[in-house]
Amino acid sequence: MKPLDALPFAYPFDLAHSALLIIDMQRDFIEPGGFGESLGNDVTLLQAIVPAVAQVLDAWRRAGGMVVHTRESHRADLSDCPPAKRLRGSPRLRIGDDGPMGRILVQGEPGNQIIPALAPLAGETVIDKPGKGAFYATPLHALLTQAGISQIVCMGVTTEVCVQTTLREANDRGYDCLLLEDCTESYFPAFKAATLAMVRAQGAIVGWTAHSRDLLAVL
Ligand code: C5J
């Protein structure tokens, strides 16, 4: 176990029992024409973290750690998309509608794929999740338990939606979670800052935060 410089105090990093969890780095959130932009967001904000995420992913792969990617996605018949999710608000394109990258947030469509710079390698786990949290209606907890994982190092988008929901789910299931602050992003900078503060407040009530250079230093 190696102490990793983190907030609010050192994170007891143990690669053998850790998974790198990369949340929803999909074209649908990061490229123009996808779900994120259809909600009225500026997707260029999210593009800025790609080099840092790629650097950590590369180092993690070299170190031999477990990698898990997630995609927010629904079945083609939308049977796993509650009307409350599909019909809320007035986006330009709703989940399941045809967009420039195929049907919005639907499994197998071009826009639903992880961006090429972070494409999963053969043997890495890819979780399709219908909700915000990666543990809801997925086999993630069973897979991590089977692999002896007790720590999650988390990156991805968006910080206050799918990343924060997943961290809270993981915390409730007993994982020690570290969120890499320069490897997560929101369409709303203030929401990202608030999430980082919330996660590590009250003695790491949800988990720890650190800069990726501090993880790279111990990998
Ligand atoms: C959103 C996500 N923002 N991956 N999904 O709807 O955070």
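Structure report, in brief. Being a predicted model, the structure only gives us computed values, none of them experimental.

### Section: the sheet that holds strand E7 (residues 125-129)
Now for step 1: Across the sheet, six strands lie side by side as E7-E4-E3-E8-E9-E10; this open sheet has parallel pairing. Every interior strand has two partners, whereas the edge strands, E7 and strand E10 (208-210), have only one. The mean angle between the axes of side-by-side strands here comes to 25°, regardless of whether they run parallel or antiparallel.
Now for step 2: Looking at chain direction, strand E3 (residues 18-23) and strand E4 (residues 66-72) are connected through four bridges and run parallel. Paired with leucine 20 across the bridge in E4 is valine 67.
Now for step 3: Relative to the sheet, helix H7 (residues 159-172) contacts E3, E4, E7, strand E8 (151-157) and strand E9 (176-185), its axis offset from that of E9 by approximately 170°.
Now for step 4: With respect to the sheet, helix H8 (residues 189-204) is in contact with E9 and E10, its orientation differing from that of E9 by roughly 160°.

### A few points about the site of the ligand
Now for step 1: Around the ligand, the neighbouring residues are Asp24, Phe29, Glu72, Val157, Thr158, Val161 and Cys162.
Now for step 2: A distance of 2.7 Å separates a nitrogen atom of the ligand from a polar atom in the side chain of aspartate 24.
Now for step 3: Here an oxygen atom of the ligand and a backbone polar atom of cysteine 162 are 3.1 Å apart.
Now for step 4: In isolation the ligand has 230 Å² of accessible area, and contact with the protein removes 92% of it.
Now for step 5: Partitioned by chemical class, the residues of the shell around the ligand number four nonpolar, one polar and two charged.

### Some points on the nonpolar core
Now for step 1: Grouped together as the largest cluster of nonpolar side chains are 41 residues, with contacts concentrated most on Leu4, Met25, Leu178, Leu180 and Leu215.
Now for step 2: Contributing elements (two or more residues each) for this core: strand E2 (11-13), E3, helix H1 (27-30), helix H4 (50-63), E8, E9, E10 and helix H9 (212-218).
Now for step 3: Here the element with the most residues in this core is H4; it accounts for six residues.
Now for step 4: Once residues within four sequence positions are removed from consideration, leucine 215 is found in contact with Leu4, Phe13, Val56, Trp60, Val153 and Leu180.

### Topic: unusual backbone geometry
Now for step 1: Here the bond from leucine 7 into proline 8 is cis, since omega is 10°, no more than 30 degrees from zero.
Now for step 2: Position of proline 8 among the secondary structure elements: in the loop between strand E1 (2-4) and E2.
Now for step 3: Residues valine 157 and threonine 158 are joined by a peptide bond in cis, for which omega reads -15°.
Now for step 4: Summarising the element assignment, threonine 158 is placed in the loop between E8 and H7.
Now for step 5: Of note, the phi angle at leucine 105 is positive, near 55°, even though the residue is not glycine.

### Here we look at the environment of glycine 102
Now for step 1: As for its position among the elements, glycine 102 is in strand E6 (residues 102-103).
Now for step 2: On the accessibility criterion, glycine 102 (18% relative accessible area) is buried.
Now for step 3: Through-space distance from the C-alpha of glycine 102 to that of alanine 16 is 39 Å; in sequence the pair is 86 residues apart.
Now for step 4: Not counting chain neighbours up to four residues away, the residues in contact with glycine 102 comprise Asp97, Glu109 and Pro110.

### Describing H4
Now for step 1: End to end, H4 covers 20 Å across 14 residues, agreeing with the expected 20 Å (1.5 Å per residue, within 8%).
Now for step 2: Looking at H4, one finds that the buried residues are Val50, Ala52, Val53, Val56, Leu57, Ala59 and Trp60.
Now for step 3: Just past H4, the residue glycine 64 takes up positive phi, approximately 90°.

### Quick word on the pairing of E9
Now for step 1: Taken across its ten residues, E9 has eight buried, putting it largely inside the fold.
Now for step 2: Pairing geometry for E8 and E9, over six bridges, is parallel. From the neighbouring strand, valine 153 faces E9, where its bridge partner is leucine 178.
Now for step 3: Of the crossover connections in this fold, the one passing from E8 over H7 to the parallel E9 is right-handed.
Now for step 4: Here three bridges tie E9 to E10, and the two strands are oriented parallel to one another. Residue pairing in the sheet places leucine 178 in a bridge with tryptophan 208 of E10.
Now for step 5: Crossover handedness for the path E9 to H8 to E10: right-handed.

How each quantity is defined
- Residues numbered from 1 in each chain as written.
- Predicted model: local features only at pLDDT ≥ 70, side-chain atom pairs only at ≥ 80, totals over all residues.
- Heavy atoms only, no water.
- Pairing = 2+ DSSP bridges.
- Helix = DSSP H or I, 4+ residues; strand = E, 2+ residues; numbered from the N terminus.
- Axes fitted to C-alpha atoms, helices over the stretch in contact; angles between N-to-C directions.
- Contact = heavy atoms within 4.5 Å.
- Near = heavy atom within 4 Å.
- Polar contact = N/O pair within 3.5 Å; in protein donor to acceptor, adjacent residues only side chain to side chain.
- Areas by Shrake-Rupley, 256 points an atom, 1.4 Å probe, with all protein chains shown as cover.
- Nonpolar A, V, L, I, M, F, W, Y, C, P; charged D, E, K, R; others polar.
- Core = buried A, V, L, I, M, F, W, Y, C linked by side-chain atoms within 4.5 Å.
- Buried < 20%, exposed > 50% of the residue type's maximum accessible area, 1.4 Å probe, protein only.
- Expected span 1.5 Å × (residues − 1).
- Right-handed = clockwise from strand over helix to strand, strands pointing away.

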